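Structural overview for review
Chain by chain, the residues run as shown.
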Amino acid sequence: MSQPRTGSLHWLLIMPLLCLLALFFVAPLYFVIERGFTDPAGAGLDNYRRVLDDPAARRFAWNTVRTAVTVTVCASLLGYTYAYATFKASRRMRVFLLYCVLVPFWTSLLVRTYAWAVMLRDEGVINKTLASLGMIDAPLPLLRNSFAVTLGMTQILLPFVILPCYSAMTRVDVSLVQAARSLGASPTKAFFRVFLPLTRPGLAAGAFLTFILATGYYITPVLLGGPGDQPIAVLIENAVQQQGDWGLAGALAALTTVMVLVALMAGWRSLTRSVLETGRKS
Amino acid sequence: MSLVARVLRPLPVLLIVLLLVLPSLVVVPMSFSSSQILEFPPQGFSLRWYEAIAGNAVWLEAARNSLAVALAVVVLSTLIGAPAGIAIGLWRWRGRSLFLGFALVPAVMPPMVLAIGMYITYARFDLVGYWGLVAAHTVMALPFVVLTVMSSAQLVDPTLLTAAQSLGAKRWRVLVEIVLPLVKGGMAAGAIFAFITSWDEVVVAIYLTDPTFKTLPVVMWNQLRERVDPNVAVVATLLFAVTSLVMAYVVLKGERKKRVQ
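Residues numbered from 1 in each chain as written. Chains lettered and ligands numbered in written order. Predicted model: local features only at pLDDT ≥ 70, side-chain atom pairs only at ≥ 80, totals over all residues.

Per an unreviewed UniProt entry, chain B carries the name ABC transporter permease and comes from Nocardioides hwasunensis. Under the UniProt heading Sequence similarities (unreviewed entry), the entry covering chain B gives this text: "Belongs to the binding-protein-dependent transport system permease family." (UniProt positions renumbered as here; feature names shortened; annotations may be inferred.)

Under an unreviewed UniProt entry, the name given to chain A is ABC transporter permease, and the source organism is Nocardioides hwasunensis. Taken directly from UniProt, the Sequence similarities (unreviewed entry) text for chain A runs: "Belongs to the binding-protein-dependent transport system permease family. CysTW subfamily." Quoted verbatim from the Subcellular location (unreviewed entry) heading of the UniProt record, the comment on chain A is "Cell membrane".

Take a look at the structure:
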């Protein structure tokens, strides 16, 4: 395994990163959260009270959580299916499928989101096709609602589920599944009782990552969502840009940060396990 | 298997493939449109929007700025992230997984929180603009460099290190002459991720740029919110073409390497 004696060399190697993050990441987080307590002068917990009493803030928070949960469920189901198909595919097919996972990474997120808006609108290609087939009389409302947001965000976050799932699958000892089969388990049963539990850490890692990233989304809900889909990020931006209310923005930022950290800690074990094992051969 | 089942079985995967690639592909034909607005399917074929981009100082300037920021981010995040990735992947030490978690947190923080925090902090030190954005994007790109370098450092055979040391090599020499060449692949992958992270970042860039210094995503964002012409599609198509070629090369090379092993 790894070398036991490292002396203090590892400190030298991680020091630059620690310094950089302290100055340019931790300090900004600290200052924005501090604003929540000190702006206006002597605010104390007033900003937090305002957030909790504000029905709009509760609505935005609910939008954020609801969207994140929906996207996590969709991305997990589709991502696991896709990873399994990739795992089972022939070598050539596997290259193709893995390539398709990476394609979204290489197109600007803004542009992909806008492409959905163009396709989903009333005079977009989907509504036009359905109308010309005579399947609908009036255009379906596909844009500016939760459906569009879920679709757009699932598309963006799918790779974050597919990659850890696929990586977990490649580490599974296939003879275990064969053993279950030879002992009389049906293919379905062998999958659900042996294969799925063995790959669950990968799925859990992907799902946590998706949930955490989804809570921070801003661009996609703004471009694709309706008034009922706007997340906390929009509320923060409004507080800053329209009201210049840095105290409120600070309080909202603190609450969002806490939400992310709680989710991160809940998923800590599966995330670090998946991350630390990614490069390791079984 | 019945015929129906054979036809239906690959269908879910096919739909997911479409979901993954459709938004990227739809942009390409839209960029060749001859009409005034961004639409799909496009009306008529022309190169007018490509000509418009080539002669548009705003887009060219923004592309130059984005490139300058992204290249600096690649260099800085590799210099700072690669040693940390090696330290995590190569050795076991106390606090290792805690440090890893800390190093990865910037990648999952809500961009809006980062954006306003960095804005008020960097503004105090007069860092809004080029260097501020470089610092911000380096923070956001580091997790990817740490991850990829760590993964390749984990694959380094520890007996190589022991052998080198028992032959009298100092620990620094072992790191530079043995470990570094072995994690080069991870560093390259990390560098690509770092580049894309910076190149595509919108939210933080909106706050840390000003009217005299804008990056490509910021210009795109402003365009998309005001009037929508196929300019955006042209830029997207050009970027898509370049990055897919790079990716095709990386994936094929990776597969070939695996086969050799």
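As a further point, take the overall build of chain B. If you tally the helices and strands in chain B, you get 13 helices and 0 strands. Starting at the N terminus and ending at the C terminus, chain B contains elements arranged as α-α-α-α-α-α-α-α-α-α-α-α-α. A principal-axis box enclosing the C-alpha atoms of chain B has dimensions of 70 × 70 × 30 Å. Buried positions account for 45% of the 261 residues belonging to chain B. Of all intrachain contacts in chain B linking residues separated by at least 6 positions in sequence, the fraction that spans at least 24 positions is 75%. (Helix = DSSP H or I, 4+ residues; strand = E, 2+ residues; numbered from the N terminus. Buried ≥ 20, exposed ≤ 12 C-beta atoms within 10 Å, placed from the backbone. Contact = placed C-beta atoms within 7 Å.)

Let us now look at the interface of chain A and chain B. Listed by partner, the interface residues are 71 residues for chain A and 74 residues for chain B. Of the residues forming the side of chain A that touches chain B, the biggest block, 16 residues, is contributed by helix α1 (residues 9–38) of chain A.

Bringing the UniProt feature "transmembrane region" (unreviewed entry) in chain A into the picture now. Using the residue numbers shown here, the UniProt feature "transmembrane region" (unreviewed entry) corresponds to residues 12–33, 60–83, 95–115, 147–169, 190–219 and 246–268 of chain A. In this annotation, residues 190–219 of chain A is assigned 90% helix and 0% strand; the end-to-end C-alpha distance for the span is 42 Å.

Along the chain, V101 of chain A turns up in helix α4 (residues 91–102). Between the alpha carbons of V101 of chain A and L163 of chain A there is a distance of 8.2 Å; along the sequence they are 62 residues apart.

This brings us to unusual backbone geometry. Residue and element names in this part refer to chain A. A cis amide bond links D39 to the next residue, P40, at an omega of -5°. Counting through the fold element by element, P40 comes out in the loop between α1 and α2 (46–53). The phi torsion at R144 lies on the positive side, around 60°, for a residue other than glycine. Position of R144 relative to the elements: it lies in the loop between α6 (125–132) and α7 (146–170).

We now examine the packing of helix α5 (residues 96–108) of chain B against helix α7 (residues 130–154) of chain B. Residues and elements named next belong to chain B. Where α5 meets α7, the closest approach of the two axes is 7 Å, and the angle between their N-to-C directions is 125°. The pairing of α5 with α7 is recorded here as oblique in orientation. Two packed elements cross with a definite hand, and for α5 against α7 that hand is left-handed. For the pair formed by α5 and α7, the contact residues are A103, L104, P106 and A107 on the first element and V139, M140, L142, P143 and V146 on the second. Grouping the constituent residues of the contact of α5 with α7 by class yields 9 nonpolar, no polar and no charged. (Axes fitted to C-alpha atoms, helices over the stretch in contact; angles between N-to-C directions. Parallel < 35°, antiparallel > 145°, perpendicular 65-115°, else oblique. Left-handed = near helix turned anticlockwise from the far one by under 90°. Nonpolar A, V, L, I, M, F, W, Y, C, P; charged D, E, K, R; others polar.)

What follows concerns the UniProt feature "transmembrane region" (unreviewed entry) in chain B. Residue and element names in this part refer to chain B. UniProt marks residues 12–32, 67–91, 98–122, 128–153, 174–196 and 232–252 with the feature "transmembrane region" (unreviewed entry), using the numbering shown here. Spanning residues 128–153, this segment combines 92% helix with 0% strand, and its end C-alpha atoms are found 36 Å apart. Helix and strand shares over residues 174–196 are 96% and 0% respectively, and the end C-alpha atoms of the span are 32 Å apart.

What follows deals with the packing of helix α12 (residues 246–266) of chain A against helix α6 (residues 111–124) of chain B. It is at 10 Å that the axes of α12 of chain A and α6 of chain B come closest, and there the two elements cross at 135°. Taken together, the axis directions place α12 of chain A and α6 of chain B in an arrangement best described as oblique. Crossing hand, α12 of chain A versus α6 of chain B: left-handed. Contact with α12 of chain A, carried on its side by A249, A253, T256 and T257 of chain A, involves V113, I116 and G117 of chain B of α6 of chain B and no other residues of that element. For the contact of α12 of chain A with α6 of chain B, a count of residues per class yields 4 nonpolar, 3 polar and no charged.

As a further point, take the nonpolar core. Residues I236 and L252 of chain A together with A115 and I116 of chain B are the most contacted members of the largest nonpolar core, which totals 153 residues. Not counting the four nearest positions on each side in its chain, I236 of chain A is found in contact with A249, L252 and A253 of chain A together with M112 and I116 of chain B. (Core = buried A, V, L, I, M, F, W, Y, C linked by C-beta atoms within 7 Å.)

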